[in-house]
There are 2 protein chains.
Amino acid sequence: MKLSTKGKYGLYAMFYLAQHAGNGPQPLKAVAEIGVPEDYLEQLLGNLRRAGLVTTVRGAQGGYQLAKAPEEITVGDIIDATEGPLTISECLSDEGCCHRSGQCRTRRVWEYLSNSINDLLQSISLRDMLEQEEFGVTKES
Amino acid sequence: MKLSTKGKYGLYAMFYLAQHAGNGPQPLKAVAEIGVPEDYLEQLLGNLRRAGLVTTVRGAQGGYQLAKAPEEITVGDIIDATEGPLTISECLSDEGCCHRSGQCRTRRVWEYLSNSINDLLQSISLRDMLEQEEFGVTKES
DNA sequence: ATGAATGTTGACAAAAATAGTCGGGTATGA
DNA sequence: TCATACCCGACTATTTTTGTCAACATTCAT
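Heads up: these notes are all about the structure in this document. (Residues numbered from 1 in each chain as written. Chains lettered and ligands numbered in written order. Predicted model: local features only at pLDDT ≥ 70, side-chain atom pairs only at ≥ 80, totals over all residues. Heavy atoms only, no water.)

Here's the deal with the pairing of strand S2 (residues 63-66) of chain B
Residues and elements named next belong to chain B. Two elements, strand S1 (residues 54-57) and S2, share four bridges in a ladder whose sense is antiparallel. Residue pairing for S2: Thr 56 is matched across the bridge by Tyr 64. Here S1 folds back onto S2 in antiparallel fashion, the turn holding five residues, of which Gly 59 has a positive phi close to 85°. (Pairing = 2+ DSSP bridges. Helix = DSSP H or I, 4+ residues; strand = E, 2+ residues; numbered from the N terminus.)

With respect to the packing of aromatic side chains
Residues and elements named next belong to chain A. Tallying each qualifying case throughout the model produces two aromatic pairs over all chains. Arranged with centres 6.1 Å apart and planes meeting at 85°, the rings of Tyr 9 and Tyr 40 form a pair that is edge-to-face. Residue Tyr 9 is found in helix H1 (residues 5-19), and its partner Tyr 40 is found in helix H3 (residues 38-50); the two are separated by 31 residues along the sequence. (Phe/Tyr/Trp six-rings, centres within 6.5 Å; stacked < 30°, edge-to-face > 60°.)

Describing the protein's contact with DNA strand C
In the vicinity of DNA strand C there are 28 residues, among which Glu 42, Arg 49 and Gly 63 of chain A together with Gln 43 and Arg 58 of chain B approach most closely. For DNA strand C, the fraction of atoms within 4 Å of the protein that belong to sugar or phosphate moieties is 64%. In this structure, a phosphate oxygen belonging to DNA strand C sits 2.9 Å away from a side-chain N or O atom of Thr 5 of chain B. In terms of residues, the surface near DNA strand C owes the most to one element, H3 of chain A, which gives four residues. Looking at the surface near DNA strand C residue by residue, the class counts come to nine nonpolar, twelve polar and seven charged. (Near = heavy atom within 4 Å. Polar contact = N/O pair within 3.5 Å; in protein donor to acceptor, adjacent residues only side chain to side chain. Nonpolar A, V, L, I, M, F, W, Y, C, P; charged D, E, K, R; others polar.)

What to know about the pattern of salt bridges
Opposite charge on two side chains lets them pair, provided their charged atoms get close. All names here are of chain A. Enumeration according to the criterion identifies four salt bridges over all chains in this entry. Glu 71 serves as the salt-bridge partner of Arg 127, at 3.0 Å between the closest nitrogen and oxygen. A residue pair is termed long-range when its members are at least 10 positions apart, and Arg 127 in helix H6 (residues 126-130) and Glu 71 in the loop between strand S2 (63-66) and helix H4 (75-83) qualify at 56 residues. By relative accessible area, Arg 127 is classed as partly exposed at 29%. (Salt bridge = Lys/Arg side-chain N within 4 Å of Asp/Glu carboxyl O. Buried < 20%, exposed > 50% of the residue type's maximum accessible area, 1.4 Å probe, protein only.)

Take a look at the structure:
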């Protein structure tokens, strides 16, 4: 089980935009300096735009910026937009695939894992990352 | 982010073996009735054997059986053996890939996610599945 | 107006991973 | 010794990933 570069690049890009929030639109060329091929990043930003996570300004002096406040955008939102939804098992969406008894029991495991991981991803926002929080750890420095 | 059929088939097979624990070795042909191509399942069971999760008996009347008690085998063990380790980001194993400032900050997110998901996978054993527990939910019914 | 800067779109392609398939081995019980 | 099984490595088709490219649309500055 792994995350592809899409999700990783997507988070890099979104974090970049979060760091530069308020400084006007950031052109693709600038965002790409995080170390991602421009032409590839363009596609990912397109997905992020269609998901409502970034807005764009076309033409000269244009670029990309966050569509919402950093605390309203989660790692889960970003991964979902760039990699597509988490699919632990297609059994969860596609009914009628459990033609054997044992498999219906495993279905409940997939469901539990899927929900848990989604909750986990939703629990971290860009704001958390900006603030360098110890995610999920009770802060008490 | 998704699980491939390897992990899914692997869990099906291990759950089957858990259900038939104590009945002697189960031949590949029997296990394959969970709905997995025999020749493919053989590879997966080979990985599970090398990971120390199943033992085998060769020759006639031979087959596969759990190497340990169901409570000592977790979903995480199985997925790790069949799919390989969870790699949220290769940055976690491969140092020196964070040549840009922002990426080092995202690294902590990968680390946190990776640990959390591993803990989650390790928290469910075959015994839990046999007992149809409500994983992670406080039982009270 | 014009041109440079910039996002938009869809097609294309190389490389890797996935999901099997196959054939020949080796061990063992009846 | 034969049928039943596991063992192992090679092969292949399909899909996914990871880009690349070319043509187009929009806007700003002059």
